[in-house]
Amino acid sequence: MFKSQKSFIGFTIASFLLSLNLIAQPAHDETEENLPKDYLTKDFHTGRRDALRQIMPDNSVMVVFAYPTRTFSNDVEYLYHANPDMYYFSGYKEPHSLLLIFKEEQQDSLGNSYNEVLFIQKRNPKAEQWTGKRLGIDGAKETSGIQTVYNASDFKSFAIDFSKYAKIIVDRFPEDVPDGFDSADLFDLIKQFKEKLATAEVLKDQKRFDNRLFTQLTADLREIKTPEEIDLLRKAVEISCQGQNEVMKTVHPNMSELEIQGLHEFVHKKHGAEGVGYGSIIGSGENGCILHYMENTKTKVGNSMLLMDVGAEYHGYTADVTRTVPVDGKFSDEEKSIYQIVYDAQEAAFKTLKNGSKWSDANKAAKDVIAEGLVKLGIIKNKMEVGKYYPHGLGHHIGLDVHDRGNYSTLKKDMVITIEPGIYIPEGSDCDKKWWSIAVRIEDDLLITENGYELLSHFSPRKIEDIEKMIKEKSVLDNYKLPPLESKKKGF
Ligand code: GLY
Ligand code: MN
Ligand code: MN
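Residues numbered from 1 in each chain as written. Chains lettered and ligands numbered in written order. Predicted model: local features only at pLDDT ≥ 70, side-chain atom pairs only at ≥ 80, totals over all residues. Heavy atoms only, no water.

Undergrad: Looking at this model, I keep getting lost on unusual backbone geometry. Mind explaining?
TA: What is expected of a backbone is that most residues other than glycine have negative phi and most peptide bonds are trans. Phi at N74 is positive, roughly 50°, even though this residue is not glycine. Here N74 shows up in the loop between β2 (71-73) and β3 (76-77). With a relative accessible area of 70%, N74 lands in the exposed category. The backbone of D414 shows a phi angle near 75°, a positive value even though the residue is not glycine. (Helix = DSSP H or I, 4+ residues; strand = E, 2+ residues; numbered from the N terminus. Buried < 20%, exposed > 50% of the residue type's maximum accessible area, 1.4 Å probe, protein only.)

Undergrad: Sorry if this is basic, but what is going on with the coordination of the manganese ion (ligand 2) here?
TA: Expected angles at a metal are 109.5 degrees for tetrahedral coordination by four donors and either 90 or 180 degrees for octahedral coordination by six donors. The manganese ion (ligand 2) binds to the protein through D320 (OD), H396 (NE2), E420 (OE) and E443 (OE); the donor distances cover 2.0 to 2.1 Å. Metal-centred angles of 51 to 159° between the six donor atoms at the manganese ion (ligand 2) mark the site as irregular. Look at where the donors of the manganese ion (ligand 2) fall in the sequence and you get D-x75-H-x23-E-x22-E. (Donors = N, O, S within 2.8 Å, 3.2 Å for Na, K, Ca; no water. Tetrahedral: all angles 85-135°; square planar, octahedral: opposite > 155°, others 65-115°.)

Undergrad: What is the right way to read the coordination of the manganese ion (ligand 3) from this model?
TA: Note on the manganese ion (ligand 3): its protein donors are D309 (OD), D309 (OD), D320 (OD) and E443 (OE). The metal-donor distances range over 2.0 to 2.3 Å. Around the manganese ion (ligand 3) sit six donor atoms, and with donor-metal-donor angles ranging over 57 to 171° the site reads as irregular. Counting gaps between the donor residues of the manganese ion (ligand 3) yields the pattern D-x10-D-x122-E. Here the manganese ion (ligand 3) and the manganese ion (ligand 2) are spaced 3.3 Å apart, linked through D320, which binds each one. Of this pair, D320 sits in the loop between β13 (317-318) and β14 (321-326) while E443 is found in the loop between β17 (438-441) and β18 (444-448), placing the two residues 123 residues apart along the sequence. In this structure, D320 and E443 share a single accessibility class: buried.

Undergrad: I keep staring at the sheet that holds strand β11 (residues 305-310) and nothing clicks. Help me out?
TA: Each strand in a sheet pairs with its neighbour through backbone hydrogen bonds, running either in the same direction (parallel) or in the opposite one (antiparallel). Ordered in space as β10-β11-β14, the three strands form an open sheet in which the pairing is antiparallel. A single partner strand is all that each edge strand has here, and the edge strands are β10 (281-284) and β14. On average, each strand axis in the sheet is inclined to that of its neighbour by 10°, with strand direction left out of account. Relative to β14, β11 runs antiparallel, the two being bridged by six bridges. Looking at the pairing, M305 lines up with P326 of β14. (Pairing = 2+ DSSP bridges. Axes fitted to C-alpha atoms, helices over the stretch in contact; angles between N-to-C directions.)

Undergrad: Where do I start with the nonpolar core in this structure?
TA: General note: in soluble globular proteins, nonpolar side chains tend to be found buried as a group. Counting residues in hydrophobic clusters, the biggest one holds 56 residues, and the most contacted among them are I260, L306, L353, I417, I419 and I423. For this core, the element with the most residues is helix α10 (residues 333-352), which contributes eight residues. Setting aside its immediate chain neighbours within four residues, L353 contacts A362, L411, I417, I419, L446, I448, N451, G452 and Y453. Y88, L118, I230 and I398 belong to the second largest nonpolar core, which has 45 residues in total. (Core = buried A, V, L, I, M, F, W, Y, C linked by side-chain atoms within 4.5 Å. Contact = heavy atoms within 4.5 Å.)

Undergrad: Hey, could you run me through the site of ligand 1 in this one?
TA: The immediate surroundings of ligand 1 are formed by Y278, H292, D309, D320, H396, H403, E420 and E443. In this structure, an oxygen atom belonging to ligand 1 sits 2.7 Å away from a side-chain N or O atom of H403. Separating an oxygen atom of ligand 1 from a side-chain N or O atom of E443 is a distance of 3.2 Å. Computed on the free molecule, ligand 1 has an accessible area of 190 Å², of which 93% lies beneath the protein chains in the complex. Taken together, the residues that form the shell around ligand 1 break down as one nonpolar, three polar and four charged. (Near = heavy atom within 4 Å. Polar contact = N/O pair within 3.5 Å; in protein donor to acceptor, adjacent residues only side chain to side chain. Areas by Shrake-Rupley, 256 points an atom, 1.4 Å probe, with all protein chains shown as cover. Nonpolar A, V, L, I, M, F, W, Y, C, P; charged D, E, K, R; others polar.)

Undergrad: Whenever I open this one, the layout of surface pockets confuses me. Can you help?
TA: It is a probe the size of a water molecule, rolled over the atoms, that shows where empty space is left. There is about 600 Å³ of room inside the second largest pocket. Partitioning the lining of the second largest pocket into residue classes produces eight nonpolar, five polar and four charged. (1 Å grid on protein atoms, 1.4 Å probe; cavity = no way out; pocket = protein on both sides within 12 Å on 5 of 7 lines; lining within 4 Å. Points joined across faces, edges and corners; volume = space filled by probe spheres on them.)

Undergrad: I keep staring at helix α11 (residues 359-376) and nothing clicks. Help me out?
TA: Helical geometry: 3.6 residues make up each α-helical turn, so side chains three or four residues apart lie on a common side. When the terminal C-alpha atoms of α11 are compared, their 26 Å separation across 18 residues agrees well with the 26 Å that a helix rising 1.5 Å per residue should span. Every buried residue belonging to α11 is among W359, A362, A365, A366, I370, A371, G373 and L374, and all of these are buried. Looking at the buried residues of α11, the elements they touch are α10, β15 (416-419) and β16 (422-425). In the segment just after α11, G378 is the residue with positive phi, at about 80°. (Expected span 1.5 Å × (residues − 1).)

Undergrad: Would you explain the sheet that holds β13 in this entry?
TA: Read from one edge of the open sheet, three strands run β9-β12-β13, paired in antiparallel fashion. Only two strands of the sheet have a single partner each, and these edge strands are β9 (275-276) and β13. One ladder, built from two bridges, connects strand β12 (residues 312-314) with β13; its direction is antiparallel. Counterpart to Y314 in the pairing with β13 is Y317. Along the sheet face, helix α8 (residues 227-250) touches β12 and β13 and points at about 150° away from the line of β12.

What follows is the structure in structure tokens.
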């Protein structure tokens, strides 16, 4: 379909000339095709820098370093994860980079004005053959919308007099960055930054060299999500819920925790999630009592309860969803009692949520329900003991970090948070044995609205009867069969 007759005529003339080879055919660029189309745009990143400038104090500069690359083992590195603040303000995801954002317009020695500068990894065909394509200066300009972009090697000679700024707003930078082979890697950028500061004697001036202001300003911005961010979070959450659902439908007692982790992450990847926002937690029985259990080494999950805390990361934004399910398809009476308390606590917290409500109100509502429930079951004697079996906070912001930046006081419209009460009763606890090894967490992701909230993770069931129903359903993942391993036949 063409918009107008004129463009149709233009199109046909162009096709005719192309067929005669009279105009150059655009090169077939595979890098553009078959790539996701829903990345954050340069308008988003530009908008975030503008919003930052609005709240920066007069005569200040914000300094954002890339995260360092990290050794996994010997000469193998961990998959690189960009510093969320660098990504938020620039979209630049490569290591060895530095971003400066100024409150006011600056002028260089030639009279050119700028209010932001990005220093990036230089293009290097040899290095790129090993570690992948770099954006380079043009690509970084296009991605970030920043017009003043230099190679990192130019930072050394970049003229900047830090002594003239009332505030240098910088996050705590890592002190253990190794000196690489490059003379313009993160090690050098940090060293040169410190040298420039030392000249200005600013390092000693705690009032001007301000870490806390960095945390404050980034929390003020990042805790309220823009529509683009909400779209990406919705997607990450929906993907995570689908992972939960397919696992519920296909899980059986002979599966291993690792296999279940793989099934979740397969569903995530099927939908284009690049990774997970934190190590997936698949804890069966007693393992569910370990809050951040990530080994997932049990070879058979058996018939006990299975706690699955898994969050797909989609274009940098992570979900955080927990479902706890009976692998045999039916909650026992004890499991039911504990699960229902956690469910009621979550519902009680939900009821407090809206623009202007307090985190502390939600916390209190959930904690009261859990404390009362545990007293009623005789698991604790008085409500003050609730922390024994509910040892963590109620929730947190999600976004570019799973525990995202935020102020954690008043809830506001367009915040995206988790509500995740839990009860964990490890073996040997000071209560009737029948409760031992029951662990339940229900974690949902919610968008705060003017008058309440939207349950983003509604795609996956939370109620006892709905979970039992879903476990009975068939999954597309049922009955996949891999050939047995030779080593297994030998008894390993
Ligand atoms: N998955 C970590 C947490 O729930 O906070
Ligand atoms: Mn969480
Ligand atoms: Mn979680």
